[in-house]
Amino acid sequence: MTRGRLVRASLLVAASAAGACAPSGAPSVLDPRGVGARRIEGLWWLMFWISVVVFAVVVAFLAVAYVRGHRKQTRLSEARWGGPFVVVSGIVAPSLILAGVFVVSLNDMMALSTPPQEPGLTIDIIGHDWWWEARYQGSGAVTANEIHIPTGESVRLRLTTDDVIHSFWVPQLQAKTDLIPGQVNSMWLQADEAGRYRGQCAEFCGLQHANMIFYVIADEPGKFESWLANEASEAAEPAASGAARGESVFLQSSCAGCHAVRGTEADSDLGPDLTHLARRETIASGVLDNTRSELARWIIDPQSAKPGAIMPPTELSSADLDALLDYLEGLK
Amino acid sequence: MATLEHSVPRTAGGLLEWFTSVDHKKIGILYLSSALVFFVLSGILALVMRSELAQPGLQLVDRQTYAQLFTMHGTGMMFFFGTPMVIGLANYFVPLHIGAPDVAFPRLNAFAFWLTLAGAVMAFAGFLTATGAAAFGWTAYAPLSGDAYSPGTGADLWIIGVALSGVAGVLAAVNLLATIFGMRAPGMSMLRMSIFNWNIVVTSILIAFSFPALTVALALLWADRNLGSSFFEPAGGGDPVLYQHLFWFFGHPEVYILILPFFGIVTEIIPVFSRKPVFGYKGFVFATLLIGAYSFSVWAHHMFTTGAVDGPFFSATSMLIAVPTGIKFFNWIGTMWGGKIRFQTPMLFCAGFLFMFLMGGITGVFLASPPLDYFVHDTYYVVAHLHYVLFGGSVFAMFAGLYYWIPKMSGRMLSEGLGKLHFVLLLVGMNAAFFPMHQLGIDGMQRRIPDYPASFGYAQENLVSTAGAFLIALAVLVFFINLFVSLRRGPLAGDDPWGGYTLEWATTSPPPHHNFHRLPPIRSARPVFDERRENAQAGPEGGSP
């Protein structure tokens, strides 16, 4: 192998090892789908290649020192300050590289702090052990764990927490920002194209930290507007008799003590707002699919699906459970 | 030539001697032994974690146990392995390097060790309580670490245990500083001290000024938990970010506390095994002082995502600290350049250190860039980075130091063959365990989770990483076999098995109670080398044996 091919081969190995080929399905930082994350991708690769060169140069110095290190006679004294070698390679070169990297990252940092367009929509994101509440300012829409945004528009997020520190992170869209008690943080999101982007809590927040999952669902603006209008509306009266019985089960059992269904007497904000529960794809903060059987499991025995979750088990007769499920599945 | 006169004090003898001794060498060995015990314990916790992570899903432990595992792994490695290992090596070799008979305050020295051990045992005793050990991460961020979210005795034991070991660290640091400033042998000016000693000076200053911030943070946390105060509770006017400032004002200097002494060890070994003096002694000392000073100005780069710190300032200081580190790197290269290198086990571990630490240093510059940190903060990328620095860096250099110095401490050589096997296993294991974590972090896998989705392709990297962790365990096992066999049957080391430069090689192995029967004249940073050369020039008749 010639030296050139060797170098190219090793660079390729290094590049692929460090993320050039992200596995399919992973919410990789290097598979950006939004303005913010794309900036980071650029900065990442710039720093990656600088690092590869720096690493290669230093390793080359080390290799030469080792390979040539078999002198019979060695010097008795050495430069006390290190001389020009250390000044150039240890001070001047790193300072120049670091100054460049610093300026470029500062530029990207400024870019990340201001949205590309003035956001028309502000969403309050409230972290809870272990789920996410989203309140759309100005419309009254409240949802949980599935945050819809319009594509191609900057959206402002206002981040607060109800308990411990959490961190809001959608790797493919935007930088992460912490949710800190007693503090209001803000960030913006912008997705290029419609899609469902996985997000997660990044700051360890206790037992179910790994299961504090959420999704950002980006829709075309028209589709988003109709979603928002529906989400802002109150729950419809149950149509069928089974569902109507389910509503009274909901209001008379422990459900209504924690959950709100707008348009009914249930208005607690301890747990997720369920006004349009049936429109969500997942429940329990991304842990279960929103199907009838999973919903039943979650109501009867939440601790088996998500141990430590605040939701207590509920004892219901099978007829009551069926009616309740009919009701919940009708909350569209 | 000076002859040191001393009377041999009465000692208890036998096993009791180890509990009552105030001899810096015995206390040093106690520190090292206790540090190695907690290295193994914390390592076993890591093996359980890696086993759990080998596949998606929960197989071995539940979530609560997993949280205890990573909390106590980090706590054990940082507070009960790393710092005591540093203090133990300094305890044994600082007096030898400066030609002193002991440390300045021998009783305080013994007290500090037993306090450290008490703290370590107390924190780990959490595992014996009904609710288990602390489970809020080694950083113990408020309010998660408060009584509302972390009730249970394990958390309080953790706070008291870590605080005790922190206070003990300050006592040890003050003792080392007093020893170095007050007890150097005639002729041993500051600029003739070993680089190891210089690094211990800076490390001790870092300990003395940073650990009190930790003590304060833990005292306030304890008060919030047990006395109903609200230092970190916003409901009572407190601020959880204040805890992070206090913690990282300690926490980042702590990283340098865990790396500077090992820079020192590497800088002792590389010249001896290259048959050259250190290249750029003054530059090296200056760079160490700069790193020590800078290390107090970078703490908030751990807090970029809080939105409560000045990104550009802390980014600039964090990048700046790479410059003095770069100086050291080229000092090491310059020392080996044109040398006569012997690749015995201590030098092999130094070579491994140089590659691994270089890698950890470079990935660290990414984290100093706020926008990149916003993305990889709290992911496996950070876990990879910190293990390249603290495992690839500190632990490799520690093994270099142990292979280099155990012959001095025990009088017997370790096996070269087992040493090389240990090195190869550790190098392969370390890279298999930690390199894939870079990729995992970039792919969005966050830290401190016992489980991950099967569909993300994380499983492959995690499996490789777990295999690497078990290779590391095997390597460490080889080390202990080597240690056990060699302490009994290893060839005798003699006074100076490596052709050393510094004063520890001018006395017997192990040294007598008061260290030196006679000291060579000290006219440079390499008194033992100077004397050996003079003897060689004087010819076989003129030289002493």
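The shown structure was predicted, so the numbers you read here are calculated from the model rather than taken from an experiment.

Chemist: Quick rundown of the sheet that holds strand E3 (residues 142-144) of chain A? Include the residues and the values.
Modeler: All names here are of chain A. Read across the sheet, five strands follow the order E3-E2-E1-E5-E8 without closing on themselves; strand pairing throughout is mixed. This sheet does not close on itself; its edge strands, each paired only once, are E3 and strand E8 (185-189). Neighbour-to-neighbour, the strand axes of the sheet open up by a mean angle of 25°, direction not taken into account. When strand E1 (residues 121-128) meets strand E2 (residues 131-136), the two strands line up antiparallel, connected through six bridges.

Chemist: Report on the interface of chain A and chain B, specifying residues and quantitative values.
Modeler: In this complex, chain A contributes 89 residues to the contact, which on the side of chain B involves 92 residues. Taken as a group, Tyr66, Arg80 and Phe204 of chain A account for 10% of the area that chain A buries against chain B, more than any other trio of residues on that side. Linking chain A to chain B there are zero salt bridges. Here chain A and chain B share 14 residue pairs in polar contact (both at pLDDT 80 or more) between them. Secondary-structure elements contributing two or more residues to the side of chain A that touches chain B are helix H1 (3-20), helix H2 (35-67), helix H3 (83-113), strand E7 (174-179) and strand E9 (195-201) of chain A. Top contributing element to the side of chain A that touches chain B by residue count: H2 of chain A, with 17 residues. Classifying every residue of the side of chain A that touches chain B gives 49 nonpolar, 26 polar and 14 charged.

Chemist: Requested: an account of the domain arrangement of chain A, with residues and values cited.
Modeler: All names here are of chain A. According to the domain assignment, chain A consists of domain 1 (27-113), domain 2 (121-232) and domain 3 (241-329). Taking only C-alpha atoms, the centre of domain 1 and the centre of domain 2 are 37 Å apart. Each side of the interface is counted separately: domain 1 has 14 residues, and domain 2 has 12 residues. With both chains or domains summed, domain 1 and domain 2 bury close to 1100 Å², and 54% of this area falls on carbon and sulfur atoms.

Chemist: Describe in detail the packing of aromatic side chains, supporting the description with residues and values.
Modeler: Residue and element names in this part refer to chain B. As enumerated under the stated definition, the model contains 73 aromatic pairs over all chains in all. Ring centres 5.1 Å apart and planes at 90° place the aromatic pair Phe247 and Trp248 in the edge-to-face group. The exposure class assigned to Phe247 is buried, which follows from its relative accessible area of 0%. For Trp248, a relative accessible area of 8% translates into the label buried. Aromatic side chains Trp332 and Phe353 sit 5.5 Å apart centroid to centroid with 80° between the ring planes, which places their arrangement in the edge-to-face category. Linking Trp332 in helix H11 (residues 322-336) with Phe353 in helix H12 (residues 345-368), this pair joins segments that are 21 residues apart in sequence.

What counts, and at which threshold
Residues numbered from 1 in each chain as written. Chains lettered and ligands numbered in written order. Predicted model: local features only at pLDDT ≥ 70, side-chain atom pairs only at ≥ 80, totals over all residues. Heavy atoms only, no water. Pairing = 2+ DSSP bridges. Helix = DSSP H or I, 4+ residues; strand = E, 2+ residues; numbered from the N terminus. Axes fitted to C-alpha atoms, helices over the stretch in contact; angles between N-to-C directions. Contact = heavy atoms within 4.5 Å. Buried area = accessible area lost by both parts, 1.4 Å probe. Salt bridge = Lys/Arg side-chain N within 4 Å of Asp/Glu carboxyl O. Polar contact = N/O pair within 3.5 Å; in protein donor to acceptor, adjacent residues only side chain to side chain. Nonpolar A, V, L, I, M, F, W, Y, C, P; charged D, E, K, R; others polar. Domains from an automatic or database assignment. Phe/Tyr/Trp six-rings, centres within 6.5 Å; stacked < 30°, edge-to-face > 60°. Buried < 20%, exposed > 50% of the residue type's maximum accessible area, 1.4 Å probe, protein only.

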